Amino acid sequence: MENQTEARLKERQRYVKAFNNTMVEIWKEKIVLLDAINRGKRYPSETKEWPNNLYDSVVGVRMDADGKYLSVELEQSFNVYGIFVNYGVGKEVYRGNPGDIGRDKLREEKKWFSVKYYASMKNMEEFYAKNVGQDLAETITNAISRQIAVQFAASKQS
């Protein structure tokens, strides 16, 4: 039974480590397919210049996990305007505008982020439910088996 527990732990470790890289690759693929690459000017930050397009700005920043990969923190990064591209909003509408810009809206939603991210998080949830559920079932079975063994031994001594 211990080998199965170790195998599930290694499976969780592989899954989590691959998640950030996979998300970055999926997002970059969607950015290219939707032609959501901004080829505009560079935006200076306090320490360095940002990548000048959305594609280059998408990176997996970090992954932290406890020893059993039961508590996991993942972080990805991309230029802020990527969210505006995702929802099809931006500088053509000034702040405070009630929605009437006096012409047809030019920007279109390019769902490179939200749909894939939500689906991937649901996939991770399902994976964890199955994987950790198996560990829990094994733990409960072992505890019950030990309790039955103790009761059986006690009844034989009586």
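Let me begin by describing the structure that accompanies this report.

Analysis parameters
- Residues numbered from 1 in each chain as written.
- Predicted model: local features only at pLDDT ≥ 70, side-chain atom pairs only at ≥ 80, totals over all residues.
- Heavy atoms only, no water.
- Helix = DSSP H or I, 4+ residues; strand = E, 2+ residues; numbered from the N terminus.
- Buried < 20%, exposed > 50% of the residue type's maximum accessible area, 1.4 Å probe, protein only.
- Contact = heavy atoms within 4.5 Å.
- Areas by Shrake-Rupley, 256 points an atom, 1.4 Å probe, with all protein chains shown as cover.
- Salt bridge = Lys/Arg side-chain N within 4 Å of Asp/Glu carboxyl O.

### Focus on the overall build of the chain
The helix and strand inventory of the chain stands at four helices and two strands. Secondary structure of the chain in N-to-C order comes out as α-α-β-β-α-α. The 158 residues of the chain split such that 23% are buried. Counted over contacts in the chain with a minimum sequence separation of 6, partners at least 24 positions apart contribute 65%. Approximately 11300 Å² of the chain is accessible, and the part contributed by carbon and sulfur atoms is 53%.

### A closer look at the pattern of salt bridges
Enumeration according to the criterion identifies five salt bridges in this entry. Salt-bridge contacts for Arg-8 lead to Glu-138; the nearest nitrogen and oxygen are separated by 2.6 Å. Placement of the pair is Arg-8 in helix α1 (residues 2–33) and Glu-138 in helix α4 (residues 114–157), with a sequence separation of 130 residues. Residue class for Glu-138 comes out buried when judged on its relative accessible area of 10%. Residues Arg-12 and Asp-135 are paired through a salt bridge, measuring 3.0 Å at the closest nitrogen-oxygen approach. Of this pair, Arg-12 sits in helix α1 while Asp-135 sits in helix α4, and the two are 123 residues apart along the sequence. This pair shows no difference in class: Arg-12 is buried, exactly as Asp-135 is. Connected through shared salt-bridge partners, Arg-8, Arg-12, Asp-135 and Glu-138 make up one network.

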